[in-house]
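Results of the structural survey
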Amino acid sequence: MLLKLFYLFITFLLILFVASYILILFKSKRKAIVEMVLPSGAIVKRAFHQAPGPHPWPILGNLDIIGQFDNPFKGFGTLANCYGDIYSLTLGHTRCLVVNNLELIREVLNKNGKFFGGRPDFLRYHKLFGGDRNNSLALCDWSQLQQKRRNLARRHCSPRESSSYFCKMSLIGCAEADTLLEELEKVIVPGQPVALKPILNAACANMFIQYMCSMRFEYDDEEFKKIVWFFDEIFWEINQGHPLDFLPWLSPFYNQHTNRIAHWSTTIRKFILDRVLEHRELNIDPEEPDNDFTDALLKSLIENENMCRNTIIFMLEDFIGGHSAVGNLIMLVFAYIAKDPAIGRHIQFEADVISNRGERSITLEDMEHMPYTMATIFEVLRYSSSPIVPHVATEDSVISGFGVTKGTIVFINNYILNMSQESWKNPQSFWPERFLEEKSIKNTQRTSTFNDKRKISEGSDSGIEFEENNYLLSTRDNQSNLNLPEFQLKKNLPHFLPFSIGKRTCIGQNLVRGFGFILLSNILLHYNVSTPDISNIKINPASLALPANCFPLILTARV
Ligand code: HEM
């Protein structure tokens, strides 16, 4: 009897292996069928072979190869040496395409963006957004609702320099930075390391919540502290690969993990509902202009039949959650400063000059006069190469002559772009100066006001929205008097895509730069940052996320 069971089990496994292998081979051999328009105007269907790649195993596909690397994006780069800049992989049973150079990335995200608007169907994504990842702005597939949500969010959450939203961001950021400094004074014991990340994240969360919902929370509010921590856990989680993504049949073994993810996000949504929305819904006046993002969301409930109450709770979850990205980014800046104090001293030099040695807080208007500070933020973005959320082909298409079948996940390898010897001098070194250039005469002699800015990235497809820095002549004179170096941020680096390009580019990049700058500059204006033990600072390549419970730092008040 036992022997029979054993044979049955072996037969079952064999069938499973064979079925898996047939499915994998079928998916990898299938040609993409694409309609082409001939010069005569006639439309014909043509079949295209998929890009080559390593031969897949049953069940695992090529997960065995990727699993050998401490970071998948490093692995993608190594494989490019064997298979070229575009190649296919099979992860579990999912067909994937990896693109490794700028031209190909543009071809996917810009030229053919309409065919690659989907997102992967990972179980963890569903768990984070109430069982349906389409509730999330960043993890949903492209749709009309998404277009509407993006437009609404862009209006409020992508403040342009000339807008009133930008002034609002500056005021909120500076007020919260002052409160943070008071908070730090309370918790810092001279010479002792402090767990900075939760406090920094709380300050970022308050900046975001004030900007989007016109309210803030105390740093010792236990519920607030909890959701800030959970947001940070989610940011870490979402930046990690997980076996479940490609082997979803393992889910019974990861129940505890997925339940934990669901718990984090339901707790956050309950907080948003109880402590933010309920109070706001009572006070909404449809006749009054929008005061903030929450007003706009609540009004869209009345105006747009596609919107429902859940949609706006999820949108607030998504957008308030953006604060964790800023907190992690600034923690990373501090990590690099702790490793190389000269970087901190350069930023402090700029901060001292602009604020007349701390006589006033640093505001967003100072951003363009502190190019080294911004260059340091950009260098962290380059060096940590935040992965671009994978895209998915929504129909058969062609990239660089290779067929891409519907459902293929496309990995955009911006890590390889950021570490390329051709694009960057000594890419392995952390060197903010690479983002600076000497200010041209043309630029420094312009006479225009702070509000008179022309966006020069128009027509460029760089994900970074650069503004031309036109200083008032008087401001320039001040600058020379103050002896600031005549440098500016390099503009329009087409190979630098930290926020991606195309129709799903990041909506939060202006908030990142604005709030990130205010936090970094004001903290360094008042404190030196160091570490009790440099070996504690562990930074993963190709990741902007640090574990929620990460290294402490020593903050020493400047005299
Ligand atoms: C350092 C911080 C950040 C980095 C490096 C970053 C980077 C990115 C990248 C690479 C994408 C993917 C674009 C694509 O799929 O092609 C993205 C999407 C997105 N980001 Fe960010 N982001 C940051 C912070 C934020 C913040 C603070 C917010 C919100 C307040 C935000 C909101 C979004 C949204 C909504 C999307 C999805 C857009 C869509 O799929 O249509 N991000 N971000």
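Sequence order as written defines residue numbering, which begins from 1 separately in each chain. Confidence filtering applies because this is a predicted model: local features only for residues at pLDDT of at least 70, side-chain atom pairs given and counted only at 80 or more, and all residues used for totals across whole chains, interfaces and linings. With hydrogens and water stripped out, all remaining heavy atoms of the structure feed into the side-chain values.

**Side note on the side chain of aspartate 318**
- Note on conventions: DSSP H or I runs of at least 4 residues are helices, E runs of at least 2 residues are strands, and numbering of each starts at the N terminus. Locating aspartate 318 in the fold gives a position in helix 13 (residues 309-339).
- The cut-offs for exposure are 20% and 50% of the maximum accessible area for each residue type, with area from a 1.4 Å probe on protein chains only; residues under the lower value are buried, those over the upper are exposed, and the others partly exposed. Neither His nor the chain ends is counted toward charge; the positive residues are Lys and Arg and the negative residues Asp and Glu. When a carboxyl oxygen of Asp or Glu lies within 4 Å of a side-chain nitrogen of Lys or Arg, that pair is called a salt bridge. Lacking a salt bridge, the buried aspartate 318 has arginine 149 as its closest oppositely charged neighbour, with an N-O distance of 6.6 Å.
- Between N or O atoms, a polar contact is any pair within 3.5 Å; within protein, one atom must be a potential hydrogen donor and the other a potential acceptor, and residues adjacent in sequence are included only when both atoms are from side chains. In terms of polar contacts, aspartate 318 uses its side chain to reach the backbone amide nitrogen of leucine 137, at 2.5 Å.
- In this description, contact between two residues means that some pair of their heavy atoms is separated by no more than 4.5 Å. In contact with aspartate 318, other than residues within four places in its own chain, are Phe129, Ser136, Leu137 and Ala138.

**Some details on the environment of lysine 31**
- Considering the arrangement of structural elements, one finds lysine 31 in the loop between helix 1 (2-29) and strand 1 (32-37).
- Relative accessible area serves as the criterion here: at 35%, lysine 31 is assigned to the partly exposed category.
- Considered as a pair, lysine 31 and histidine 49 are 18 residues apart in the sequence and their alpha carbons are 4.9 Å apart.
- Excluding its chain neighbours within four sequence positions, the residues that come into contact with lysine 31 are Ala47, Phe48, His49, Asp396 and Thr405.

**Points about the site of the ligand**
- If even one non-hydrogen atom of a residue comes within 4 Å of a molecule or strand, that residue is called near it. Taken together, 25 residues surround the ligand, and among them Arg119, Arg150, Ser500, Arg504 and Cys506 come closest.
- Between arginine 150 and the ligand, the recorded distance is 2.6 Å, taken from a side-chain N or O atom to an oxygen atom.
- In the model, an oxygen atom of the ligand is placed 2.6 Å from a nitrogen or oxygen of the serine 500 side chain.
- Those elements that place two or more of their residues in the shell around the ligand are helix 6 (144-157), helix 13 and helix 19 (509-526).
- Sort the elements by how many residues they give to the shell around the ligand and helix 13 lands first, with 3 residues.
- Polar here means any residue other than Ala, Val, Leu, Ile, Met, Phe, Trp, Tyr, Cys and Pro, which are nonpolar, and Asp, Glu, Lys and Arg, which are charged; Gly is therefore polar. Of the residues contributing to the shell around the ligand, the split by class is 15 nonpolar, 7 polar and 3 charged.

**Remarks on the sheet that holds strand 5 (residues 193-194)**
- Criterion used throughout: strands pair if DSSP finds at least two bridges between them. Within the open sheet, the 3 strands sit side by side as 5-13-12. Their pairing is antiparallel. At either margin of the open sheet sits one strand with a lone partner, and together these are strand 5 and strand 12 (527-530).
- Looking at chain direction, strand 5 and strand 13 (residues 553-557) are connected through 2 bridges and run antiparallel. Directly across from valine 194, in strand 13, lies its bridge partner leucine 553.

**So, the UniProt feature "transmembrane region" (unreviewed entry) in the protein chain**
- With numbering matched to this structure, UniProt assigns "transmembrane region" (unreviewed entry) to residues 6-26.
- Secondary structure across residues 6-26 comprises 100% helix and 0% strand; the distance between its end C-alpha atoms is 30 Å. UniProt positions are given in the numbering used here, feature names are shortened, and annotations may be inferred rather than shown by experiment.

**Focus: the packing of aromatic side chains**
- Think of it this way: a Phe, Tyr or Trp ring, Trp meaning its six-membered ring, pairs with another when their centres are within 6.5 Å, and the plane angle makes it stacked under 30 degrees, edge-to-face over 60, tilted otherwise. Counted under the stated rule, the structure contains 20 aromatic pairs.
- With a centroid separation of 5.9 Å and an interplanar angle of 85 degrees, the aromatic rings of tryptophan 424 and phenylalanine 496 are classed as edge-to-face. Linking tryptophan 424 in the loop between helix 16 (414-418) and strand 10 (436-438) with phenylalanine 496 in the loop between strand 11 (487-489) and helix 19, this pair joins segments that are 72 residues apart in sequence. Of the two residues, tryptophan 424 and phenylalanine 496, both sit in the buried class.
- The rings of Phe378, Trp424, Phe435 and Phe496 are connected pair by pair, giving a single aromatic cluster.
- Ring-over charges, as used throughout, are those where CZ of Arg or NZ of Lys falls within 6 Å of the ring centre and within 35 degrees of the ring normal. For the cation-ring pair, arginine 382 lies above tryptophan 424, with the distance from its terminal atom to the ring centre recorded as 5.4 Å.

**Points about the domain arrangement of the protein chain**
- Domain annotation for the protein chain reports domain 1 (21-118 + 390-422) and domain 2 (150-388 + 424-494 + 497-557).
- Averaged C-alpha coordinates put domain 1 and domain 2 at centres separated by 32 Å.
- Between domain 1 and domain 2, the contact holds 34 residues from the first and 23 residues from the second.
- The term buried area denotes the loss of accessible surface (1.4 Å probe radius) that occurs when two parts are joined, taken as the sum for both partners. Summed over both partners, the interface of domain 1 with domain 2 buries about 2400 Å², with 60% contributed by carbon and sulfur atoms.
- Looking at the side of domain 1 facing domain 2, the largest losses of area belong to Asn414, Asn418 and Met419, adding up to 24% of the total buried there.
- In this structure, the connection of domain 1 to domain 2 is made through 0 salt bridges.
- Linking domain 1 with domain 2 are 9 residue pairs in polar contact (both at pLDDT 80 or more), by the criterion used here.
- Put simply, the parts of the chain that give the side of domain 1 that touches domain 2 at least two residues each are helix 3 (72-83), strand 4 (94-99), helix 4 (102-111), strand 9 (409-412) and helix 16. Domain limits in this description derive from either an automatic procedure or a database domain assignment.

**Comments concerning the packing of helix 7 (residues 164-187) against helix 19**
- Only the stretch in contact is used when a helix axis is fitted, and all axes are lines through C-alpha atoms; the angle between N-to-C directions ranges over 0 to 180 degrees. In the contact formed by helix 7 and helix 19, the axes pass within 10 Å of each other and the chain directions differ by 35 degrees. Taken as a pair, helix 7 and helix 19 cross one another with a handedness that is right-handed. In this structure, helix 7 contributes Met169, Ser170, Gly173, Cys174, Ala177, Leu180 and Leu181 to the contact, and helix 19 contributes Asn510, Leu511, Gly514, Phe515, Ile518, Leu519, Asn522, Ile523 and His526.
- Each residue belonging to the contact of helix 7 with helix 19 can be placed in one class, and the counts come to 10 nonpolar, 6 polar and no charged. Crossings are classed by handedness, with left-handed meaning an anticlockwise turn of the near helix from the far one by less than a right angle and right-handed meaning a clockwise turn.

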